[in-house]
Amino acid sequence: MTDVFATGRRDGGGSLHAYRVRGRGRSAVVLWIGGLGDKPDRVFALPDAGRRHVPVFVTVRQARAYVRRRGRELATSEANTLELSRVQHWLEDPVRRKVPSGAVLDAWNFFEDLARGLDAVHRLPQQGTVQNSAYEKLFEGECATWTPDERRAVLELSRAGVELWNSCPVIVNPCSGIALEAGPTSRAS
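Owing to the predicted nature of the structure, the values given are computational and were not obtained by experimental measurement.

(A) Layout of the overall build of the protein chain. On a plain count of helices and strands, the protein chain comes out with six helices and eight strands. Along the protein chain, helices and strands appear, N-terminal first, in the series α-β-β-β-β-β-α-β-α-α-α-α-β-β. Within the protein chain, the proportion of its 189 residues that are buried is 47%. Taking all contacts inside the protein chain whose residues are at least 6 apart in sequence as the whole, residues at least 24 apart take part in 66%.

(B) Summary view of the pairing of strand β5 (residues 51-56). Where burial is concerned, most of β5 is hidden: five out of the six residues are buried. Note: strand β4 (residues 46-48) against β5, three bridges, orientation antiparallel. In the sheet register, Pro47 faces β5, and the bridge partner there is Arg52. In sequence, β4 turns back onto β5 through a hairpin of two residues, with Ala49 there showing a positive phi of about 55°. Sheet topology places β5 next to strand β7 (residues 170-172); three bridges connect them, and they run parallel. Each bridged residue has a counterpart across the sheet, and for Val54 the counterpart in β7 is Val170.

(C) Highlighting the pairing of strand β2 (residues 27-33). The buried count for β2 comes to six of seven residues, which makes it a mostly enclosed element. Here strand β1 (residues 16-22) runs beside β2; their pairing, made up of seven bridges, is antiparallel. Across the sheet, the residue bridging to Tyr19 is Val30, located in β2. Here β1 folds back onto β2, and the loop between the two strands holds four residues. In this structure, β2 lies alongside strand β3 (residues 42-43), joined through two bridges in antiparallel fashion. Bridge pairing in β3 links Ile33 to Arg42.

(D) Main features of the environment of Arg51. Along the polypeptide, Arg51 turns up in strand β5. It is 7.8 Å that separates the C-alpha atoms of Arg51 and Leu118, two residues lying 67 residues apart in sequence.

(E) Representation of the pattern of salt bridges within the structure. For the structure shown, the criterion picks out eight salt bridges. For Arg68, the salt bridge identified is with Glu73, shortest N-O distance 3.3 Å. Taking the relative accessible area as the measure of exposure, Glu73 reaches 46% and is therefore partly exposed. Put simply, Asp149 and Arg152 hold a salt bridge, and the shortest N to O gap is 2.3 Å. Taken together, the residues Asp149 and Arg152, both in helix α6 (residues 148-167) and three residues apart, mark about one turn of the helix. One salt-bridge network, in which partners are shared between bridges, spans Arg24, Glu92 and Arg97.

(F) Just the sheet that holds β3, in detail. Strand order in this open sheet of four strands is β3-β2-β1-β6, and the pairing throughout is mixed. Lying at the two open borders of the sheet, with one neighbouring strand each, are β3 and β6 (80-82). Two elements, β1 and β6, share three bridges in a ladder whose sense is parallel. Bridging from a neighbouring strand, Val21 pairs with Leu82 of β6.

What counts as what
- Residues numbered from 1 in each chain as written.
- Predicted model: local features only at pLDDT ≥ 70, side-chain atom pairs only at ≥ 80, totals over all residues.
- Heavy atoms only, no water.
- Helix = DSSP H or I, 4+ residues; strand = E, 2+ residues; numbered from the N terminus.
- Buried < 20%, exposed > 50% of the residue type's maximum accessible area, 1.4 Å probe, protein only.
- Contact = heavy atoms within 4.5 Å.
- Pairing = 2+ DSSP bridges.
- Salt bridge = Lys/Arg side-chain N within 4 Å of Asp/Glu carboxyl O.

Printed below as a string of C-alpha cells:
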C-alpha cells in the first residue's frame, strides 16, 4: 500500500477526510482515504513492525494538523460521524430493537474500509450473494424485508466489524509515536 503522504495525491491516494467514530469501547477521529478511479476507499493506517496501526486523534483539528505537517490538506473542514454506539446498542438485542439502518449502513462501509486499511479483510465475513442482497436492502432502507439469512449476515458482519474496530492496533497522537495494540482510546470531541 502506497504511503498517501509520500508523493502527493496522484500516487499517494485520493482525498483525505477526517472521520469521527463514536463507539462504546473506543471513540476517535481517523483519516479516511477516498479511492482513486476503481481503487476502493480505506482508513489510513501506518506500517509498524509488520502490522498496520491506525493513527487516531481526539479532535478533527489534531487530524488536520497531522495531515498538514505532511504536505496534504483534508478535503473538507468538517468530519462525518459514525454513531457506532447505536449499532452496538442494537447488537445487544437485535430481535427486539429496531435496526438503526443509517448507522448500520455507515458502520458496514467503515468496517470494510478499516479492514482494507489494516490489510485485515480476512477478519470480516466473506461477501457473497446474501450479503450483497442485505446491503442493497439496507441501502434502500428496507431492513424489514431482510430474509433470516440476510439478517444473520448483517449481524455477523456488524459483530466482526465492531470487534475489528475495538481490537485494531492504534497510534494515539501519532506525532508522539505512542502505539497501542488494542483497547479504548481517548473519546472524540
